[in-house]
Each structure stands twice: as structure tokens, then as C-alpha cells.
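# Coordinate inspection notes
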Amino acid sequence: MKQLKNLFKIGIFLFISIIVVIIGIYVYSYFMPAMTLNSANSYYLYDNKDNLVYQGSNKSEWVSLSEIDPEFLKYIVSVEDQHFYHHLGFDIARIAKTLVTNIKSGKILAGASSISQQYVKNLYLTFDQTWERKIEEAFLTVKLETHYSKDEILEGYLNTINYGQGNMGIVNAASYYFNKKPKDLTLEEAIILAGIPKNPAGYNPVSNYDASVKRAWIVAKSMLNNKYIDEDTYNNLFKEKLEIFGQTKSNNLQMIMYYQEAVLNELSNIKEVPASLVNAGGLKIYTTLDLEEQTNMEENILNNKVDDDLQVASVIVDPKSGAVKALTGGMNYAKSQYNRALKSKRQVGSTMKPFLYYAALENNMTMSSSFRSEETTFNLSNGKTYAPQNAGNIYANKEITMAAALALSDNIYAVKTNLFLGVDKMIDVAKRTGIEANLDEVASLPLGTSEINILDYATGYTTFASGGYKKNLYFIERIEDLDGNLLYQHETENSLVINPNYTYILNEMMRSTTNEAYVDYTTPTALNIAANLTHKYALKTGSTNTDYWIVGYNPDRMMMMWMGYDDNKNVDGNVRNSAKKIWASTIEASLENIGDSWYDTPKNVVAIPLDAVTGKVTNNQNKATLYYYVKGSEPGVTNEQYVMSEEKEKD
């Protein structure tokens with residue numbers, strides 16, 4: 001009995017001690033400086049001219065509770081923290097109930113953070129599940145509760161919480177998702193928004209409409225249980241699909257969110273910026289985005305699209321640095337959030353051939369090296385046969401040069417070259433230039449039968465465009481915190497991975513696709529847009545039954561574009577012509593204020609005028625074009641021909 005009394009006394013003492021400690025913490029917090037609420041958790045994206053193109057919560061975007069529908073406030077409190085107005089920062093009963101639930105299940109099924117705790121966590125803390133973090137969260141929650149009223153806390157929470165798609169705060173969320181002010185939201189729209197903070201990436205209606213509605217039903221059920229709506233209202237919710245706006249008011253570009261998603265994807269992989277700070281916000285992100293180039297690209301795509309089902313992935317890069325100036329991963333982000341530029345892999349068609357022909361140049365072939373183009377069945381080393389076809393089943397039925405084969409996209413020449421060199425040679429070049437995709441060691445590889453992601457592929461082409469220097473494509477120049485402290489600065493990679501002499505020759509050879517001197521048994525693949533081009537470009541097109549690619553570059557810009565259908569419907573001539581027009585108009589606009597530049601001829605490279613298709617000496621000036629050679633590999637020529645080559649160089 002005496003032992004029981006002692007235990008009781010100890011229990012009373014511990015209880016009183018805990019109460020005293022809690023009171024002490026609240027008193028101590030009261031005399032500490034107040035936390036600043038309406039400047040935290042800001043999130044800014046700037047373009048390459050340091051113009052703000054997206055902003056999260058800040059003072060200009062801050063909205064008072066009086067400007068928010070009172071019913072919406074009830075929805076938020078109902079689902080996030082129904083005892084918010086009756087506790088001192090911690091819902092003890094809810095914590096105890098959640099603890100029991102999790103213990104019984106043997107896993108964490110639910111959390112019990114109050115609105116105050118969530119607000120503090122999103123403003124100032126990491127998301128690590130450590131005791132140190134939880135103690136700090138508890139202390140800051142007490143500090144928040146002692147200095148601010150419940151309405152002030154709720155106001156701060158609503159103005160800084162993450163609503164997904166880069167939207168911080170209720171003002172941005174209402175504007176982005178529904179093109180409305182918070183006070184003008186309908187009941188269903190308000191319920192959708194109330195459900196997002198639980199999982200901003202998964203419950204926003206742009207990323208996953210069905211998941212957002214499923215979450216909204218949970219919010220609605222909570223409202224029904226708390227008598228904020230009646231049963232009849234509850235039963236009539238979401239009878240029709242809501243119209244999702246999915247745009248910012250600062251600009252109405254349909255595709256810019258694909259770029260923003262690429263920025264955030266890169267941000268998540270930058271080790272210098274902790275994941276906790278990425279999740280909480282409070283960042284100024286200075287990107288490589290050129291808003292004018294992004295706008296031009298989008299306008300050209302939309303003005304030349306063939307039909308509403310056609311999709312696109314396109315990227316514009318500065319080859320000098322690897323900076324991505326513009327990007328889209330689809331036609332309209334609000335309608336399809338699948339970012340094809342980041343996630344999809346497609347067969348690249350004949351745009352793969354330049355990697356083969358660089359390998360050929362590196363292995364003692366030249367622009368004038370010839371093979372016979374004719375219908376051919378190849379006997380492969382594995383005992384199988386392979387019978388590729390040229391487009392339209394059209395063949396030269398004679399010897400043609402490598403330059404002509406590239407200009408006319410001759411498949412027979414490409415396969416012969418691939419088998420002559422050995423498939424590993426082409427793959428080695430692709431890997432050195434930066435392509436990470438798995439490439440099959442097959443005879444058909446130069447015809448683009450392997451699937452590659454556009455950003456991965458663009459890295460390889462940027463190496464050609466930079467003169468042989470590998471550049472990692474990037475979207476973020478630097479990152480600062482809200483006080484202007486530098487957290488991250490991009491450093492451009494500048495490693496020479498392929499020979500500048502052969503790279504220059506390849507780049508000159510790729511100009512043949514718009515050169516009418518190569519018109520022969522068929523026409524150069526991009527000749528129909530030659531009149532629209534005022535700058536020099538190395539250019540290649542490629543197609544499969546379901547994909548169309550066009551890529552071209554000079555020292556200042558590289559633009560790559562894919563067009564096709566998500567359901568793998570066949571592409572036709574209309575799609576191909578549309579893509580060419582878009583590419584030409586867009587890259588020309590990108591270079592409008594840059595000027596005309598081309599690569600300097602290496603000292604070890606010479607040019608000789610020869611017949612475009614046969615590579616022989618010719619007196620026909622209409623069929624003559626310049627062939628480039630590393631000194632010592634050129635065919636025997638006269639002094640007169642060298643003079644002619646110099647004159648053509650000047651032209």
C-alpha cells in the first residue's frame with residue numbers, strides 16, 4: 001500500500017513538473033521575438049534576363065481571410081485540423097488516437113499534425129523524421145501560437161502552403177487551377193483545393209484529376225460529418241467534370257509548364273540545395289529560359305499543328321553552354337501533363353545517321369567514299385538476313401558518296417557503312433557525345449530503330465553543334481535564398497570528346513540536306529524549307545511510321561523536335577511538312593537578334609568542289625558542291641580546283 005502511495009506521489013510530481021515545463025515553454029516563447037509570416041516560403045522562377053516569370057507567395061500575393069470565402073475556411077479546418085480553434089498548437093486527442101491506430105496496424109497510416117505544425121514545418125524545417133526535428137517543430141509551433149491569433153496563423157498557412165504545380169498560396173492556386181480569386185470559387189472548386197495540401201504532387205487536378213476528386217470526396221465527407229454541408233449537397237457533388245484552367249495569369253503560354261517541370265526536375269537533383277529547402281520553398285531560381293524563344297516556339301507549333309491529337313516534344317539549346325532556352329513536352333499542359341521531353345522515348349529514324357557518318361570519318365572514310373545504292377538483302381553474321389528499303393522504294397542503282405547518302409537519306413548506304421565499320425563504332429560515338437540510352441548492336445541502328453529520349457538525344461547533337469565539346473544540358477543558372485545568398489551556380493562542362501576536324505566536316509556535310517545540287521534520283525530531305533532559311537545550318541530529318549524528327553544547328557542554336565501520336569498512329573506527309581515549317585520558323589526567330597555565324601574551318605581541313613552525288617570532278621557548276629577533307633585524305637586535285645574551292649567558300 002505504501003509503495004502504491006509513493007508511485008501516486010511520483011506520478012503527481014511528474015504531472016505537475018510537465019505542466020510547469022509546458023507553461024515555462026509558452027512563457028519563454030511569449031518573450032521571444034515573433035516569427036515573420038508573410039515573407040516566408042516564397043518561390044520564384046526567373047528567365048535568362050532575370051525577369052520574374054513565376055512567383056509563389058509574397059506580400060503582393062498575400063490575401064487576408066476577409067477576402068476568402070468563409071465556407072472555404074471551414075473546409076480547410078474540417079479536413080486538416082478540426083480542433084484548430086480549440087487547442088494551443090497540438091491536438092492532443094488526435095495525436096493519441098493516431099498513435100493507437102498506427103501501433104495497432106504496425107505501420108504509419110495517419111499523421112496528426114495541426115495546421116500550426118504544418119505551417120511551421122513548411123516554413124522553416126527539414127522533412128527529416130528525427131527527434132531533433134520534431135523537438136524543433138514543437139518549439140516553433142509554441143512560439144507561433146503565443147505570438148499570433150488563430151486567424152493570423154490560418155491566414156499565413158493558406159498564403160504559403162504548397163498547392164502543387166509550383167503554386168504556393170491560395171491566391172496562386174485559385175488563379176492557376178480555376179482562373180478565379182479565392183472568394184469566387186464554387187463549392188466543388190473549393191473542396192478540390194482544400195484537398196491538395198495533403199499531397200500537392202498527387203492530388204492537384206492538373207497532374208491527376210481523378211485522384212484530386214477522390215481526395216475531394218474525403219474532404220466532403222469530413223464537411224458532412226461536421227455539418228458544414230447537408231447530405232443532399234454531398235450526394236450531388238462532382239456530377240460533372242470540372243473545367244481546369246491550368247495556366248498562370250502572368251503569361252498564357254500553354255507549354256511553359258513543361259519547362260517549369262524540367263526546372264523542378266533538375267532542382268531535385270542539385271545536391272547543393274537540400275531537399276528540405278526545395279520542398280519548403282524560399283528559393284529564387286534563375287533559369288536559362290528565353291521567354292521570347294519559348295513564345296515563338298509555342299506560337300509556331302500551334303499555328304502549324306495538323307490536328308488536336310498530334311503531340312510534340314521540342315528543345316532549343318545554346319551549344320556554347322548547353323543552356324536550354326526553350327522546351328515543350330506536349331501541345332497543352334492543362335490537357336496532358338505527360339512531359340514527353342522528360343519521360344518519353346521514341347525511335348529517332350534517320351536522324352541517327354550523323355553519328356554513323358562521324359564514326360566513318362574517324363575511321364578513314366571521307367565525304368566522297370562511295371557505296372552502290374540499290375535494293376539489297378544483307379546476310380548477317382547471326383545467319384539471318386536483313387532487307388532495308390529506301391523511302392518510297394527509290395534507289396540510285398549506282399555509286400553515291402557519303403555526302404549524297406546523308407543529303408538524300410539513303411538507307412542502303414547507311415546499312416552498308418554500319419556493317420563495314422562494325423556496329424560498335426557508331427555506338428561508341430553516340431556514347432562519347434553524351435547519349436545514355438541503350439543502343440542495340442544491330443544492322444538497322446543507323447536507321448533509328450533504337451528508342452531515345454529527346455533531352456538525352458539533344459545532348460549528343462549539342463556535342464556536334466559545339467564543335468566536339470560535350471555539354472550537359474541544363475535549365476538552372478543559379479539559385480539564391482530570399483536574402484540573396486548564393487546556394488548554387490551552374491558550371492558548364494567543356495570536355496573535348498570528338499575530333500574537331502571530323503566534326504567540322506560532318507557539320508558541313510549536314511548542310512547538304514538543303515542543297516539543291518544534290519537533287520538526283522530523289523531530293524534532299526529538307527530542300528522544301530531551304531528558301532525559308534537565312535542562316536547556315538547543319539540539318540537532318542528522320543522518320544519512322546509513327547515518329548517524325550527534325551534537328552538542326554549552327555554555333556549559336558540547336559533545335560530538335562519530335563512529332564507524333566501518343567497512341568502510335570502513323571504520321572503522314574502533313575505532319576512532316578508541319579514539323580519542318582515549325583522548325584524553320586522557330587530557329588530563324590531565335591537567331592534574329594544574334595546574327596549569322598558558322599564554324600571556322602580548321603587549318604587541317606581543305607575544301608574541293610566536286611560533283612555532289614558522284615564525288616567526281618565536274619564542269620557543271622549546278623551540280624558542284626564543296627567536299628571537305630582532312631589534309632592528306634583528299635583525292636588528287638589541281639591548283640585550279642583549289643582556287644574554285646576558295647571562291648565557293650567566300651560564297
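Residues numbered from 1 in each chain as written. Predicted model: local features only at pLDDT ≥ 70, side-chain atom pairs only at ≥ 80, totals over all residues. Heavy atoms only, no water.

In terms of regular secondary structure, the chain is built from 23 helices and 20 strands. Counting across all 651 residues of the chain, residues that qualify as buried make up 56%. Carbon and sulfur atoms form 49% of the exposed surface of the chain, whose accessible area is close to 29400 Å². (Helix = DSSP H or I, 4+ residues; strand = E, 2+ residues; numbered from the N terminus. Buried < 20%, exposed > 50% of the residue type's maximum accessible area, 1.4 Å probe, protein only. Areas by Shrake-Rupley, 256 points an atom, 1.4 Å probe, with all protein chains shown as cover.)

This part is about the sheet that holds strand β5 (residues 323–328). Sheet architecture is open: five strands sit in the order β5-β4-β18-β17-β16, paired in antiparallel fashion. Bordering the open sheet on either side are β5 and β16 (538–543), each of which pairs with just one other strand. Each strand axis lies, on average, 10 degrees off the axis of its neighbour in the sheet, ignoring direction. Judged from the seven bridges that link them, strand β4 (residues 311–318) and strand β18 (residues 558–564) form a sheet pairing that is antiparallel. Each residue of the ladder has a partner; that of V312, found in β18, is M563. (Pairing = 2+ DSSP bridges. Axes fitted to C-alpha atoms, helices over the stretch in contact; angles between N-to-C directions.)

Most of helix α7 (residues 170–178) is tucked away, with eight of its nine residues classed as buried. Buried residues of α7: I170, N172, A173, A174, S175, Y176, Y177 and F178, and no others. Downstream of α7 by one or two residues, N179 has phi in the positive range, about 55 degrees.

All right, on to the side chain of T417 then. Looking at the secondary structure, you find T417 in helix α18 (residues 411–421). Only 2.8 Å separates the side chain of T417 from the backbone oxygen of Y413, close enough to count as a polar contact. Among residues more than four places away in sequence, those in contact with T417 are L356, Y357, A360, M365 and F371. (Polar contact = N/O pair within 3.5 Å; in protein donor to acceptor, adjacent residues only side chain to side chain. Contact = heavy atoms within 4.5 Å.)

Once that is clear, we can look at the pattern of salt bridges. This structure, assessed with the given rule, holds 17 salt bridges. With its nearest N and O atoms 2.5 Å apart, the salt bridge here joins D556 to K320. With D556 in the loop between β17 (547–553) and β18 and K320 in the loop between β4 and β5, this residue pair connects regions lying 236 residues apart in the sequence. Across the salt bridge formed by R372 and E374, the nearest N and O atoms sit 2.7 Å from each other. Using a relative accessible area of 33% as the deciding quantity, one classes R372 as partly exposed. Of the residues examined, E374 reaches a relative accessible area of 27% and is grouped as partly exposed. Taken together, the shared-partner salt bridges in this structure form one network comprising D50, R478 and E480. (Salt bridge = Lys/Arg side-chain N within 4 Å of Asp/Glu carboxyl O.)

Turning our attention to the environment of Y234. Residue position: Y234 is located in helix α11 (residues 231–235). By relative accessible area, Y234 is classed as buried at 16%. Residues Y234 and L224 lie ten residues apart in sequence; the distance between their C-alpha atoms is 7.0 Å. Not counting residues up to four positions away in its chain, the partners in contact with Y234 are W217, A220, K221, L224 and I229.

With that settled, the discussion passes to the packing of aromatic side chains. Applying the stated rule across the entire model yields 22 aromatic pairs. When the centroid spacing of 5.3 Å and the interplanar angle of 80 degrees are considered together, the rings of Y259 and F475 count as edge-to-face. One end of the pair, Y259, is in helix α12 (residues 256–267); the other, F475, is in the loop between β12 (469–470) and β13 (476–481), and 216 residues separate them in sequence. Each member of the pair, Y259 as well as F475, is classed as buried. (Phe/Tyr/Trp six-rings, centres within 6.5 Å; stacked < 30°, edge-to-face > 60°.)

It is worth spelling out the pairing of β4 at this point. The buried fraction of β4 is high, at eight of eight residues. Of the two faces of β4, the one holding Q311, A313, V315 and V317 and the one holding V312, S314, I316 and D318 are both buried throughout. Bridge count between β4 and β5: five bridges; the pairing is antiparallel. Across the sheet, the residue bridging to S314 is T328, located in β5. The hairpin formed by β4 and β5 contains four residues between the paired strands, and G322 there has a positive phi angle of roughly 90 degrees.

Closest axis-to-axis distance for the helix α2 (residues 70–80)/helix α8 (residues 187–195) pair is 9 Å, and the angle between their directions is 35 degrees. For the pair α2 and α8, the sense of crossing is right-handed. When α2 is examined against α8, the residues F72, Y75, I76, V79 and E80 are found in contact with a partner set consisting of L187, A190, I191, L193 and A194. When its residues are assigned to classes, the contact of α2 with α8 shows nine nonpolar, no polar and one charged. (Left-handed = near helix turned anticlockwise from the far one by under 90°. Nonpolar A, V, L, I, M, F, W, Y, C, P; charged D, E, K, R; others polar.)

Bringing the pairing of strand β3 (residues 283–287) into the picture now. Across the five residues that make up β3, a large majority, five, are buried. Along β3, one buried face is formed by L283, I285 and T287 and the opposite face, lined by K284 and Y286, is buried too.

Here L539 lies in strand β16. Between the C-alpha atom of L539 and that of P354, which follows or precedes it by 185 residues, the distance is 9.7 Å. Leave out the neighbours within four places in its chain, and L539 touches M510, T513, T514, A526, I529, I550, V551, G552 and W583.

Okay, helix α16 (residues 353–362) next. Taken across its ten residues, α16 has nine buried, putting it largely inside the fold. For α16, every residue scored as buried is listed here: K353, P354, F355, L356, Y357, Y358, A359, A360 and L361. Structurally, α16 contributes buried residues whose contacts are with α17 (402–408), α18, α19 (423–433), α20 (454–465), α21 (500–509) and β16. Note on α16: the residue one or two positions beyond its end, N364, has a positive phi of about 75 degrees.

So yeah, pure geometry; function would need other evidence.
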